[in-house]
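# A look at the structure
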Amino acid sequence: KTIDIFRAYNFSANMQLDLSGNLEDLIKQNLKKVDLYRDNKKANIFFINILMNKNCSENVLRNMNETGVLGRFIPDFGKVVAQVQHDMYHTYTVDEHTINAIGILRKIDNGEYEDKFSLASNIIKNIVSKKVLYVSLFLHDIAKGRGGDHSVLGGEVAKNLCPRFGMNNDDTEIVSWCVLNHLYLSETAFRYDLNDKKIIEKSMKKINTIEKLNLLFVLTVCDIKAVGPGVWTDWKGSLLIELYNKIKLI
């Protein structure tokens with residue numbers, strides 16, 4: 001059964017075991033059948049379990065990507081596979097950047113980055129829905145390369161995909177909002193005077209809940225860290241923390 005492909009990957013994540021070469025070959029031979037399982041409830045539950053797995057989510061996602069399963073199961077993701085990002089900062093293709101970001105989020109969630117990202121490590125403990133966080137990060141760049149604002153287009157993709165992932169209307173709206181605004185904190189922190197009260201007030205009105213602020217902060221840290229070696233700096237970190245604290249206190 002094709003559902004066994006998802007069951008095998010879920011088992012791989014839970015047990016921290018690699019798939020055998022023979023099993024990978026068998027999966028590749030049956031790739032077209034994955035199309036029929038996009039709306040299958042159990043398949044989507046397995047995918048979310050893999051995405052949020054605390055052992056080795058990024059390793060399993062990378063294998064699913066390499067075998068072609070991820071792109072067949074989520075065609076929007078298939079569009080960014082091997083897509084080069086044409087700027088001086090991004091070292092990785094869009095798909096690899098996304099998978100790296102999920103790996104960083106997993107480590108923050110596990111407490112492995114408490115020294116490097118202490119605020120994010122504390123914030124994540126208070127986030128109401130980890131599922132919203134993981135799905136938002138997975139989808140944040142899903143609309144890159146489509147000839148428009150990838151944040152706006154990605155927000156629309158999120159509205160279509162989240163119900164498939166078993167998310168209710170409220171969580172779907174928050175994921176879509178996070179994808180739409182995933183660059184907001186970094187653009188504000190790095191471009192504007194954070195001593196300008198109008199900037200802080202504008203940010204507070206835009207974000208408007210502590211949950212959204214927390215989600216956006218952790219997502220931003222993961223996104224920047226996953227861009228490439230040396231892109232994250234203490235200077236960037238200090239500006240993001242300053243902005244976070246000022247928005248929270250207002």
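Described below are features of the structure shown in this document. (Residues numbered from 1 in each chain as written. Predicted model: local features only at pLDDT ≥ 70, side-chain atom pairs only at ≥ 80, totals over all residues. Heavy atoms only, no water.)

## Looking at the layout of surface pockets
As a volume, the second largest pocket reaches approximately 160 Å³. Taken together, 13 residues make up the lining of the second largest pocket; nearest its centre are Asn 100, Gly 103, Ile 104, Lys 107 and Tyr 113. For the lining of the second largest pocket, the secondary structure elements donating two or more residues are helix 5 (57–67) and helix 8 (94–110). For the lining of the second largest pocket, the element with the highest residue contribution is helix 8, accounting for five residues. When its residues are assigned to classes, the lining of the second largest pocket shows six nonpolar, three polar and four charged. (1 Å grid on protein atoms, 1.4 Å probe; cavity = no way out; pocket = protein on both sides within 12 Å on 5 of 7 lines; lining within 4 Å. Points joined across faces, edges and corners; volume = space filled by probe spheres on them. Helix = DSSP H or I, 4+ residues; strand = E, 2+ residues; numbered from the N terminus. Nonpolar A, V, L, I, M, F, W, Y, C, P; charged D, E, K, R; others polar.)

## Topic: the packing of aromatic side chains
Across all of its chains, the model carries nine aromatic pairs by this definition. Between the aromatic rings of Phe 6 and Phe 73, the centroid separation amounts to 4.7 Å while the plane-to-plane angle is 55°, which identifies the pairing as tilted. Here Phe 73 lies in helix 6 (residues 69–73) and Phe 6 lies in helix 1 (residues 3–15), a separation of 67 residues in the sequence. Judged by its relative accessible area of 0%, Phe 73 falls in the buried class. On the numbers, 5.4 Å between centres and 35° between planes, the contact of Phe 47 with Phe 165 is tilted. Of the two residues, Phe 47 is situated in helix 4 (residues 41–51) and Phe 165 in the loop between helix 11 (150–161) and helix 12 (169–180); the sequence distance between them amounts to 118 residues. Its relative accessible area of 0% is what places Phe 47 among the buried residues. Of the residues examined, Phe 165 reaches a relative accessible area of 4% and is grouped as buried. (Phe/Tyr/Trp six-rings, centres within 6.5 Å; stacked < 30°, edge-to-face > 60°. Buried < 20%, exposed > 50% of the residue type's maximum accessible area, 1.4 Å probe, protein only.)

## A closer look at the packing of helix 1 against helix 4
Two elements in contact, helix 1 and helix 4, have axes separated by 9 Å at closest approach and are oriented at 20°. When the axis of helix 1 is compared with that of helix 4, the two are roughly parallel. Handedness of the helix 1/helix 4 crossing: left-handed. Here helix 1 contributes Ile 3, Phe 6, Arg 7, Tyr 9 and Asn 10 to the contact with helix 4, which in turn contributes Lys 42, Ala 43, Phe 46, Asn 49 and Ile 50. Of the residues in the contact of helix 1 with helix 4, the class split is six nonpolar, two polar and two charged. (Axes fitted to C-alpha atoms, helices over the stretch in contact; angles between N-to-C directions. Parallel < 35°, antiparallel > 145°, perpendicular 65-115°, else oblique. Left-handed = near helix turned anticlockwise from the far one by under 90°. Contact = heavy atoms within 4.5 Å.)

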